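Next come the chains, spelled out residue by residue.
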Amino acid sequence: MFGFTSAFDTLWDIQRAMENAMRNDYFGPSTASSGYPPINIFNYGENTLVTVELPGFKKEDVKLEVKGKTLAIKGKREIEFPEKASLHRRERSAYSFDRTLRLAHEVDEKKIKAELKDGVLAVLLPPAEEHKPKTIHIN
Amino acid sequence: MSLWNKEVVPTPKQELEAKEEKTQQARYYKPATDIVETEAELILYMDLPGVAKENLEVKLEKNLLNVEGRIDQGRYKNLTAQYAEYNIGHFSRSFQLSSEINQERISARIDDGVLTLVLPKAEQAKPRLISIS
């Protein structure tokens, strides 16, 4: 869905860029702040791309709602074990979540694309027409 | 089963402390793993979000089981990070197996970023019912 592989970009470069983004105070004084599950927000050209790691979630388990400048993501995962299983180690959690994000711009609702692949949810949010950056000509 | 759902608190991604240095500098993460035992087998469930079947490697050498899942970093190529709450990276974790496992019949499958690894017990390790006369 996005990009193509380059032999020159290393995973380390991406990880360092992500770490800088972690210190970014994107939300400021608003209702949203870090929560669970963790969410990443990227820019893809003029679009916003939101990603969430949701291993084990299927499309039916996740609900996405866009209203104005907010995006709500909710979902629930159950974890099932075979009957009569004895537990050695338990680290994964079954949980339900409901997070609301405030976006930087209004979204063109007709052009939103969302994909849940291999346990990663990616939501592409193109800006609404009136919010696209406009070039100003200098006479 | 619902008891188990209440016990575990979600935790942030655990970074792996590698014993040896790798030639390519990058952070690896330890996938959250559940291990259960049934009468006939040991089953491992690992959360590997972003790992597709072709990027998953399960290796068994002597008694050491190693799982390595790589993410497709090309998907991030034309993106710039604006706000991040989690970092991305490959996954790796190793477990020591006992000789109780029939190593030839280990099976693995990955769906929606979750790896299910089934380790059948060797015949002599299955519990035997002792009859009381």
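Our structure's up above, just so we're on the same page.
Residues numbered from 1 in each chain as written. Chains lettered and ligands numbered in written order. Predicted model: local features only at pLDDT ≥ 70, side-chain atom pairs only at ≥ 80, totals over all residues. Heavy atoms only, no water.

Participant: Just to check I follow, could you spell out the interface of chain A and chain B for this structure?
Facilitator: Where interface size is given, it is often the accessible area lost as the parts come together that is meant. With 62 residues of chain A in contact, the opposing surface of chain B contributes 54 residues. Here chain A packs against chain B, burying approximately 5800 Å² in sum over the two surfaces, 54% of which is carbon and sulfur. Inspection of the chain A/chain B interface yields nine salt bridges. Here Arg75 of chain B and Glu115 of chain A are joined by a salt bridge, their closest N and O atoms 2.7 Å apart. For the interface between chain A and chain B, the tally reads 27 residue pairs in polar contact (both at pLDDT 80 or more). Secondary-structure elements contributing two or more residues to the side of chain A that touches chain B are helix H1 (11-22), strand E1 (39-44), strand E2 (47-53) and strand E5 (86-89) of chain A. (Contact = heavy atoms within 4.5 Å. Buried area = accessible area lost by both parts, 1.4 Å probe. Salt bridge = Lys/Arg side-chain N within 4 Å of Asp/Glu carboxyl O. Polar contact = N/O pair within 3.5 Å; in protein donor to acceptor, adjacent residues only side chain to side chain. Helix = DSSP H or I, 4+ residues; strand = E, 2+ residues; numbered from the N terminus.)

Participant: Any chance you could explain the sheet that holds strand E7 (residues 80-84) of chain B here in plain terms?
Facilitator: The pairing of strands in a sheet happens through backbone hydrogen bonds and is either parallel or antiparallel. As summarised here, the arrangement of the five strands in space is E7(A)-E8(A)-E2(A)-E1(A)-E7(B), forming an open sheet in which the pairing is antiparallel. Whereas interior strands pair on both sides, the edge strands pair on one side only; in this sheet they are strand E7 (113-117) of chain A together with E7 of chain B. When the angles between neighbouring strand axes are averaged without regard to direction, this sheet yields 20 degrees. Across six bridges, E2 of chain A lies against strand E8 (residues 120-125) of chain A in antiparallel orientation. (Pairing = 2+ DSSP bridges. Axes fitted to C-alpha atoms, helices over the stretch in contact; angles between N-to-C directions.)

Participant: Would you explain the nonpolar core in this entry?
Facilitator: Across soluble globular proteins, nonpolar side chains show a tendency to be buried alongside one another. Residues Leu44 and Leu48 of chain B are the most contacted members of the largest nonpolar core, which totals 32 residues. Mapped by element, the contributors of at least two residues to this core are H1 and E8 of chain A together with strand E4 (41-47), strand E5 (51-61), strand E6 (64-71), strand E8 (90-96) and strand E10 (114-120) of chain B. Residues contacting Leu48 of chain B, with those up to four places away along its chain left out, are Pro55 and Asp118 of chain A together with Pro31, Leu56, Phe91, Ile110, Gly113 and Leu115 of chain B. Ranked by size, the runner-up nonpolar core spans 18 residues in total, among them Ile73, Leu101, Leu121 and Leu125 of chain A. (Core = buried A, V, L, I, M, F, W, Y, C linked by side-chain atoms within 4.5 Å. Buried < 20%, exposed > 50% of the residue type's maximum accessible area, 1.4 Å probe, protein only.)

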